[in-house]
Amino acid sequence: LFIGDGIVQWQTNGVPIYTGARTQWWPAIVSDGDGGAIITWDDVDGFDSEDIYAQRINAAGVVQWVVDGVPICTESAGQEYPAAISDGAGGAIIIWTDERTGGNNIGDIYAQRINSAGVVQWTLDGIPVCTAANPQSNPTIVSDGINGAIVTWIDNRNVNDPDIYAQRITGAGTTQWAADGVVITSAINLQSTPVIASDGAGCAIVAWYDFRNGYE
């Protein structure tokens, strides 16, 4: 933690969030709205066992939930690449790529909400955001301004011609748009690496790499 004059506030070399035997990758962080943060990560134990965990840390650098974090998703197969936003109530909404239905490299998009006390709010191991055929990947997320979220991702349901899709989720964990999301672009050739921002009015603006005019 830093303040305006650049002086670190917690212990030298940082506060440990996880100190167990497993490996952690792809951390993401979001404000808890009270001077601290909620951190989520990909927790790895072997090639085919990747789970999503989270921990809250307060403004004093003290972890608030169970030692080594709260499980967000421990479903079989792999979960990876988490991203998170504040839920506007001291908790977070977390999304990730999930391989439970198709094995390695066949990912869907799932989400979970966790409250400020470290209690997951939706279905155990998360709700499906998109389970369309073929892989979905690179999910990104932004608040909808009313405790829910808008999610976008790369979608390969159109084989060999990846597109960009999006979905909205309420704070209660209910998807709001068409099943498996609405198409943002289905132009020819590859669309990739979407990023998303709130428009300040409950909607979102999405940008991406686009190769409709060729690959050079």
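Residues numbered from 1 in each chain as written. Predicted model: local features only at pLDDT ≥ 70, side-chain atom pairs only at ≥ 80, totals over all residues. Heavy atoms only, no water.

## Side note on the sheet that holds strand β12 (residues 182-185)
For the record, the criterion: By this definition, two strands are paired if DSSP reports at least two bridges between them. Strands here are runs of E lasting at least two residues and helices are runs of H or I lasting at least four, both read from the DSSP assignment and numbered beginning at the N terminus. The axes are straight lines fitted to the C-alpha atoms, using for helices just the contacting stretch, and the angles between their N-to-C directions are given from 0 to 180°.
The four strands lie next to each other as β9-β10-β11-β12, forming an open sheet whose pairing is antiparallel. In the strand order of this sheet, the two ends are held by β9 (136-143) and β12, each with one partner. The mean inter-strand angle of the sheet, taken between neighbouring strand axes irrespective of direction, is 30°. By the bridge criterion, seven bridges tie strand β10 (residues 149-155) to strand β11 (residues 163-169) in an arrangement that is antiparallel. Opposite Thr-152, over in β11, you have Ala-166 as the bridge partner.

## Remarks on the nonpolar core
Heads up, the condition is: In these notes, a set of buried Ala, Val, Leu, Ile, Met, Phe, Trp, Tyr and Cys residues joined through side-chain atoms within 4.5 Å is what counts as a nonpolar core. Think of it in three bands: with a 1.4 Å probe and only protein chains considered, a residue is buried below 20% of the maximum accessible area for its type, exposed above 50%, and partly exposed in between.
Ala-111, Ile-141, Val-151, Trp-153 and Ile-169 are the most contacted members of the largest nonpolar core, which has 17 residues in total. Looking at this core, the elements that each hand over two or more residues are β5 (79-86), β6 (92-98), β7 (108-114), β8 (127-130), β10 and β11. If you look at the next biggest cluster of nonpolar residues, it comprises 14 residues, including Trp-65, Ile-72, Tyr-110 and Ile-114.

## Remarks on the sheet that holds strand β2 (residues 37-44)
Across the sheet, four strands lie side by side as β1-β2-β3-β4; this open sheet has antiparallel pairing. The open sheet has two edge strands, β1 (23-31) and β4 (70-73), and neither has a second partner. Going across the sheet, the axis of each strand differs from the next one's by a mean of 30°, ignoring polarity. Of the strand pairs in this sheet, β1 and β2 are connected by seven bridges, and their pairing is antiparallel.

## A word on the environment of Thr-101
Test applied: The contact rule is simple, with two residues in contact once any of their heavy atoms fall within 4.5 Å. Pairs of N or O atoms are called polar contacts if they sit within 3.5 Å, as long as, within protein, a hydrogen donor faces a hydrogen acceptor (for residues adjacent in sequence, only side-chain-to-side-chain pairs).
Structurally, Thr-101 can be placed in the loop between β6 and β7. Taking the C-alpha atoms as reference points, Thr-101 and Ser-76, separated by 25 residues in sequence, lie 9.2 Å from one another. What Thr-101 contacts, discounting residues up to four positions off in sequence, is Asp-108 and Tyr-110. There is a polar contact of 2.5 Å between the side chain of Thr-101 and the side chain of Asp-108.

## Some thoughts on the pattern of salt bridges
Charged atoms that come close allow side chains of opposite charge to pair. Put simply, the rule reads: Only one rule defines a salt bridge in this text: a Lys or Arg side-chain nitrogen within 4 Å of an Asp or Glu carboxyl oxygen.
Applying the stated criterion across every chain, the model contains nine salt bridges. A salt bridge links Asp-155 to Arg-157, with the shortest nitrogen-to-oxygen separation between them at 2.8 Å. Several salt bridges share partner residues, and in doing so they unite Arg-22, Asp-43 and Asp-51 into one network.

## Observations regarding the pairing of strand β13 (residues 191-198)
Sheet topology note: the β13/strand β14 (residues 204-210) ladder contains six bridges and is antiparallel. What sits directly across from Ser-198, in β14, is Ala-204. What sits between the antiparallel neighbours β13 and β14 is a turn of five residues, in which Gly-200 has the positive phi angle 80°.

## Focus: the pairing of β5
Summarising burial for β5: six of the eight residues are buried, a large majority. Here β5 folds back onto β6, and the loop between the two strands holds five residues, one of which, Gly-88, carries a positive phi near 80°.

## Thoughts on the packing of aromatic side chains
Let me state the cut-off plainly: Only Phe, Tyr and Trp rings take part, Trp by its six-membered ring, and two of them pair if their centres are within 6.5 Å. Stacked means planes under 30 degrees apart, edge-to-face means over 60, and tilted covers everything else. Here, a charge over a ring means that NZ of Lys or CZ of Arg falls within 6 Å of the ring centre while also lying within 35 degrees of the ring normal.
Under the counting rule described, the total for this entry stands at three aromatic pairs. Here Trp-41 and Tyr-53 contribute two aromatic rings whose centre-to-centre distance is 6.5 Å and whose plane-to-plane angle is 15°, an arrangement assigned as stacked. Separated by 12 residues along the polypeptide, Trp-41 in strand β2 and Tyr-53 in strand β3 (residues 50-57) bring together distant segments of the chain. Take Trp-41: its relative accessible area is 3%, and that puts it in the buried class. Classification of Tyr-53 by relative accessible area gives buried; the value is 18%. Chaining the aromatic ring pairs together yields one cluster made of Tyr-18, Trp-41 and Tyr-53. In this arrangement the basic side chain of Arg-100 is found over the ring face of Tyr-110, its NZ or CZ atom lying 3.8 Å from the centre. The ring of Tyr-165 is capped by Arg-157, whose NZ or CZ atom sits 3.7 Å from the centre of that ring.

So far we have only geometry, and geometry alone does not tell us how the molecule works.
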